[in-house]
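The residues making up each chain are set out below.
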Amino acid sequence: MSSMAAIPGTGPSTGPVGVVRKVARRRFADLPTDRTLVMGVVNVTDNSFSDGGNHFDAEAAIQHGLKLHYAGADLIDVGGESTAPGRDAVDPDEEQRRVLPVIEALVRAGAVVSVDTRHAATARAALAHGEVIINDVSGLNFEPEMAELVAESGAHYIITHNRGDAHTMDELADYDDVVTEVIRELSEVKDQFIAAGVQPEQLIFDPGLGFAKSGEQNWELLRGVERLVALGFPVLVGASRKRFLGTLLADSRGNAPAPVERDHATAAVSALAAAHGVWAVRVHDVAASVDAVKVAAAWGGPNTAPQHS
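Residues numbered from 1 in each chain as written. Predicted model: local features only at pLDDT ≥ 70, side-chain atom pairs only at ≥ 80, totals over all residues. Heavy atoms only, no water.

Enquirer: Go over the overall build of the protein chain, please, and point to the residues and values.
Expert: Regarding its fold elements, the protein chain presents ten helices and eight strands. The burial tally for the protein chain puts 54% of its 309 residues in the buried class. For the protein chain, restricting intrachain contacts to residue pairs at least 6 apart in sequence, the fraction spanning at least 24 positions comes to 67%. (Helix = DSSP H or I, 4+ residues; strand = E, 2+ residues; numbered from the N terminus. Buried < 20%, exposed > 50% of the residue type's maximum accessible area, 1.4 Å probe, protein only. Contact = heavy atoms within 4.5 Å.)

This is how it looks when you write it as structure tokens:
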């Protein structure tokens with residue numbers, strides 16, 4: 001355990017926040033600019049497709065977040081609602097109960113944190129703990145209050161391409177040209193945020209792999225990621241452990257490996273995404289992707305680092 005955190009259950013406070021020693025807080029501006037960044041995932045949920053609720057308890061989620069932080073994650077993404085296809089929505093009050101203690105502890109430990117939420121109320125509550133990035137997978141159906149909050153707070157905001165919700169997105173994966181349409185729809189959301197007073201440098205684009213996309217459409221988006229990068233906004237790619245990787249790795253009988261067994265493929269995506277100039281990759285296995293993006297940076301040389309806003 002790093003010196004940033006005490007052993008749980010020791011000292012004057014044994015609550016999940018009190019066991020983390022406060023250190024100098026890193027800010028968005030402190031993030032590396034010479035390579036693609038790695039965002040580690042902390043799911044404070046009981047129904048995540050990737051880890052089955054292993055970190056549903058706040059203390060377990062904090063310890064997992066610290067583990068990712070010490071493994072080299074540049075950012076930690078904390079979410080309290082699974083938005084995978086078929087999952088039910090979580091009330092914002094319950095979502096906040098899950099994520100806020102985790103966000104507070106990780107910020108105190110010096111991590112740069114993003115909150116994975118579709119709800120402006122949860123984003124606002126997270127921002128009370130410091131400079132937190134808002135990672136919103138709502139896509140075209142974002143809450144109007146979210147644009148107002150981002151403009152008011154100056155927070156960085158990740159626009160994820162999506163259509164519908166967890167129960168309808170698979171039915172809406174109908175595209176003539178998925179790369180062109182994703183770019184157009186991301187730009188539509190971007191324009192609405194800028195019209196609300198958000199500065200362009202606050203915005204990050206995510207093509208939304210797996211959100212209203214079929215397997216082959218995800219591959220088309222990855223092949224076309226340079227078109228997204230060329231728009232001039234930082235680009236986040238989140239392929240980690242997703243269903244389309246499982247399909248790729250399935251055996252001769254069509255049996256896909258479990259999500260946790262897709263980490264080698266995820267690291268390969270991280271290396272290739274980094275080679276194509278993406279700003280960050282969102283992953284569950286941080287160490288492998290840290291190695292992957294460092295290899296991509298070394299291979300490409302100093303003039304190929306992604307541009308950060």
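Enquirer: Any details on helix H2 (residues 92–108)? Residues and values, ideally.
Expert: For H2, with 17 residues, the first-to-last C-alpha span of 23 Å sits near the 24 Å given by 1.5 Å per residue. Residues Glu-95, Gln-96, Arg-98, Val-99, Leu-100, Val-102, Ile-103, Ala-105, Leu-106 and Val-107 constitute the buried set of H2. The secondary structure elements touched by the buried residues of H2 are strand S1 (37–43), helix H1 (58–70), strand S2 (75–79), strand S3 (112–116) and helix H3 (120–127). The N-terminus of H2 is capped by Asp-91, whose side-chain oxygen sits 2.9 Å from the backbone nitrogen of Asp-93. (Expected span 1.5 Å × (residues − 1). Polar contact = N/O pair within 3.5 Å; in protein donor to acceptor, adjacent residues only side chain to side chain.)

Enquirer: Let's hear about the nonpolar core: which residues, and what values?
Expert: Grouped together as the largest cluster of nonpolar side chains are 73 residues, with contacts concentrated most on Val-78, Ile-103, Ile-134, Met-146, Tyr-157 and Phe-193. Counting residues in each nonpolar core, the second largest holds twelve residues, with Met-39, Ile-133, Ile-204 and Trp-279 among its members. (Core = buried A, V, L, I, M, F, W, Y, C linked by side-chain atoms within 4.5 Å.)

Enquirer: A description of the pairing of S3 should follow, citing residues and the corresponding values.
Expert: The buried fraction of S3 amounts to five of the five residues, a majority that puts the element mostly inside the structure. Of the strand pairs in this sheet, S2 and S3 are connected by five bridges, and their pairing is parallel. Pairing of Leu-75 across the sheet is with Val-112, part of S3. Where S3 lies against strand S4 (residues 133–136), three bridges are found, and the strand directions are parallel. Counterpart to Val-115 in the pairing with S4 is Ile-134. Following the chain from S3 across H3 to the adjacent parallel S4, one finds a crossover that is right-handed. (Pairing = 2+ DSSP bridges. Right-handed = clockwise from strand over helix to strand, strands pointing away.)

Enquirer: A description of the pairing of strand S8 (residues 280–283) should follow, citing residues and the corresponding values.
Expert: Consecutive side chains of a regular strand alternate in pointing toward one face of the sheet and then the other. A two-sided burial pattern is seen for S8, the buried positions comprising Ala-280 and Arg-282 on one face and Val-281 and Val-283 on the other. As defined by bridge partners, S1 adjoins S8 across four bridges and the pair is classed as parallel. Of the residues in S8, the one forming a bridge with Val-38 is Val-281. Here two bridges tie strand S7 (residues 236–237) to S8, and the two strands are oriented parallel to one another. Residue pairing for S8: Val-237 is matched across the bridge by Val-281.

Enquirer: Go over the packing of aromatic side chains with me, naming the residues and quoting the values.
Expert: Under the defined criterion, the tally for this structure stands at five aromatic pairs. With a centroid separation of 4.9 Å and an interplanar angle of 50 degrees, the aromatic rings of Phe-142 and Phe-193 are classed as tilted. Linking Phe-142 in the loop between S4 and helix H4 (144–153) with Phe-193 in helix H5 (residues 178–195), this pair joins segments that are 51 residues apart in sequence. The class of Phe-142 is buried, set by a relative accessible area of 13%. Following the ring pairs from residue to residue traces out a cluster consisting of Phe-142, Tyr-157 and Phe-193. (Phe/Tyr/Trp six-rings, centres within 6.5 Å; stacked < 30°, edge-to-face > 60°.)

Enquirer: How would you summarise the side chain of His-156 if you had to cite specific residues and measurements?
Expert: Within the secondary structure, His-156 is located in the loop between H4 and strand S5 (157–160). Beyond its immediate chain neighbours, meaning those up to four positions away, His-156 contacts Phe-28, Val-132, Ile-133, Ile-134, Glu-201, Gln-202 and Ile-204.

Enquirer: Pulling in residues and values, what's your account of a negative patch on the surface?
Expert: A cluster of acidic side chains, namely Asp-174, Asp-176, Asp-177 and Glu-220, defines a negative patch on the protein surface. With respect to the helices and strands, Glu-220 occurs in helix H6 (residues 215–223). For Glu-220, a relative accessible area of 32% translates into the label partly exposed. (Patch = residues over 30% accessible without salt bridge, like charges linked within 9 Å, V, L, I, M, F, W, Y side chains within 5 Å. Areas by Shrake-Rupley, 256 points an atom, 1.4 Å probe, with all protein chains shown as cover. Salt bridge = Lys/Arg side-chain N within 4 Å of Asp/Glu carboxyl O. Lys, Arg positive; Asp, Glu negative; His and termini not counted. Charge placed at Lys NZ, Arg CZ, Asp CG, Glu CD.)

Enquirer: Give a detailed account of the sheet that holds S8, specifying residues and quantitative values.
Expert: In spatial order, the strands read S6-S5-S4-S3-S2-S1-S8-S7; together these eight strands make up an open sheet with parallel pairing. With one partner strand each, in any of the chains shown, strand S6 (203–206) and S7 form the two edges of the open sheet. By the bridge criterion, three bridges tie S4 to S5 in an arrangement that is parallel. Counterpart to Ile-134 in the pairing with S5 is Tyr-157.

Enquirer: Let's hear about the side chain of Arg-98: which residues, and what values?
Expert: Mapped onto the fold, Arg-98 is located in helix H2. Among the polar contacts listed, one links the side chain of Arg-98 to the backbone oxygen of Gly-80, at a separation of 2.8 Å. A polar contact of 2.9 Å, which involves the side chain of Arg-98, links it to the side chain of Glu-94.

Functional significance is not addressed by these values, which are geometric in nature.
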